[in-house]
Amino acid sequence: MLSLLLTAAITVFVYMVGLFVLAQILKNNSIVDIAWGFGFVIVVIVFLVRCPTLYPAKLLLTTLILVWGLRLSIHILLRNAGKPEDFRYARMRRDWGKNVLLKSFFLIFMLQGFLMLAVSFSATVLFSAPARPLNALDITGALVFLAGFFFETVGDAQLAAHIRNPENRGKLMTSGLWSLTRHPNYFGEATIWLGIALIALSSANGWAALISPVVITGLLLFVSGVPLLEKKYAGRPDWEAYKNRTSKFFPWFPKNRDNGSTRVPL
């Protein structure tokens, strides 16, 4: 496993250094968000080159990660096309001043690379383990993945449709999946990695695969996902009303239903 983990670390490091150089040329550090899903795709492809023998559980996990990673990166690429640097990274650029290059390298690109390495650990566990047949836990993991993929994909599509409608300009999005949780896409991503970890759980040292959902859920809930967006909209009357009736992360029935539309682009 250590050999494959080292392979993943080198792959992620080279990938992130290349991204950092490109971001400085474009003066846009937010391309790291587009690159997030693609990075996992590259790691899995490198794993396949290192460990080409396929068996059902490996094929299942590989397929799910490829579908998720490509879908997510293409979605963010199309969403951000022609737009300036995301407000979070633009604020960092202003705050860091003359230290922006050094801090961008370590606090954005290297940090995200480390997180990518940690979240992809489920794949490292399964690829480094002996071949085995599919079992009930693999099927359960695939179903959990599909539930998460539904929330992430449908949530993104609902928000995109809301934004395209000029009548919704300046309004928040509160219908559809957004009426069940304020962050259906983030909940979906955390659930996706729980499903992937369940698939890897039956492999040798499978317990270590749980690192993936723990890291991604903690990241989304407490660091870069939910907190930044909640802080951005705090104090807006429509946001506070939405916040009071809608679950923060885990889907649940709203306290009071409405047919409105309340949520801002992510």
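Each value, and the rule that gives it
- Residues numbered from 1 in each chain as written.
- Predicted model: local features only at pLDDT ≥ 70, side-chain atom pairs only at ≥ 80, totals over all residues.
- Heavy atoms only, no water.
- Helix = DSSP H or I, 4+ residues; strand = E, 2+ residues; numbered from the N terminus.
- Buried < 20%, exposed > 50% of the residue type's maximum accessible area, 1.4 Å probe, protein only.
- Contact = heavy atoms within 4.5 Å.
- Areas by Shrake-Rupley, 256 points an atom, 1.4 Å probe, with all protein chains shown as cover.
- Lys, Arg positive; Asp, Glu negative; His and termini not counted.
- Charge placed at Lys NZ, Arg CZ, Asp CG, Glu CD.
- Core = buried A, V, L, I, M, F, W, Y, C linked by side-chain atoms within 4.5 Å.
- Phe/Tyr/Trp six-rings, centres within 6.5 Å; stacked < 30°, edge-to-face > 60°.
- Lys NZ or Arg CZ within 6 Å of the ring centre and 35° of its normal.
- Patch = residues over 30% accessible without salt bridge, like charges linked within 9 Å, V, L, I, M, F, W, Y side chains within 5 Å.
- Salt bridge = Lys/Arg side-chain N within 4 Å of Asp/Glu carboxyl O.

Novice: Would you mind going over the overall build of the protein in detail, with residue names and values included?
Specialist: Each helix and strand counted, the protein has eleven helices and zero strands in total. Along the first, second and third principal axes, the C-alpha atoms of the protein reach 55 × 50 × 25 Å. Counting the 266 residues in the protein, one finds 50% classified as buried. Within the protein, counting contacts between residues at least 6 apart in sequence, those at least 24 apart form 82% of the total. Carbon and sulfur atoms provide 71% of the accessible area of the protein, an area that totals close to 12700 Å². Once the 26 positive and 13 negative side-chain charges of the protein are each reduced to a mean point, those two points are 3 Å apart.

Novice: Break down the nonpolar core for me, with residues and values.
Specialist: Ranked by internal contacts, the top residues of the largest apolar core, which has 71 residues, are M16, W36, L61 and W193. Those residues in contact with W193, other than ones at most four positions away along the chain, are F40, I65, W68, V119, S120, S212, P213 and I216.

Novice: How would you sum up the packing of aromatic side chains? Please name residues and give values.
Specialist: Given two aromatic rings, one states the distance between the centres and the angle between the planes to describe the pair. A full pass over the atoms with the stated rule returns 17 aromatic pairs. Here F20 and F109 contribute two aromatic rings whose centre-to-centre distance is 5.6 Å and whose plane-to-plane angle is 75°, an arrangement assigned as edge-to-face. Here F20, found in helix α1 (residues 2-26), pairs with F109, found in helix α5 (residues 100-119); they are 89 residues apart in sequence, far enough to count as distant. Owing to a relative accessible area of 14%, F20 belongs among the buried residues under this scheme. When its relative accessible area of 0% is taken as the criterion, F109 is described as buried. Centre to centre, the rings of F151 and F187 are 5.1 Å apart; their planes meet at 75°, and the pair counts as edge-to-face. In this pair, F151 sits in helix α7 (residues 136-164) while F187 sits in helix α8 (residues 184-200), placing the two residues 36 residues apart along the sequence. Grouping residues by exposure puts F151 and F187 together as buried. An aromatic cluster is present here, built from F150, F151, F187, F249 and F250 joined pairwise through their rings. Above the plane of the ring of F87 lies K232, whose end atom (NZ or CZ) is 4.1 Å from the centre.

Novice: How would you sum up a nonpolar patch on the surface? Please name residues and give values.
Specialist: Residues L6, I10, F13 and V14 make up a contiguous nonpolar surface patch of roughly 410 Å² in combined accessible area. For V14, the position within the fold is in helix α1. On the basis of relative accessibility, which here comes to 55%, the residue V14 falls in the exposed class.

Novice: Give me the lowdown on unusual backbone geometry, citing residues and values where you can.
Specialist: Peptide bonds are, in most cases, trans, and in most cases residues other than glycine have a negative phi. Of note, K27 is a non-glycine position whose phi angle comes to about 55°, a positive value. Tracing the chain through its elements places K27 in the loop between α1 and α2 (31-50). Overall, the relative accessible area of 61% leaves K27 in the exposed class. Phi is positive for N205, which is not a glycine, with a value near 60°. Locating N205 in the fold gives a position in the loop between α8 and α9 (211-222).

Note that every value here comes from positions in space, so none of it alone points to a role or purpose.
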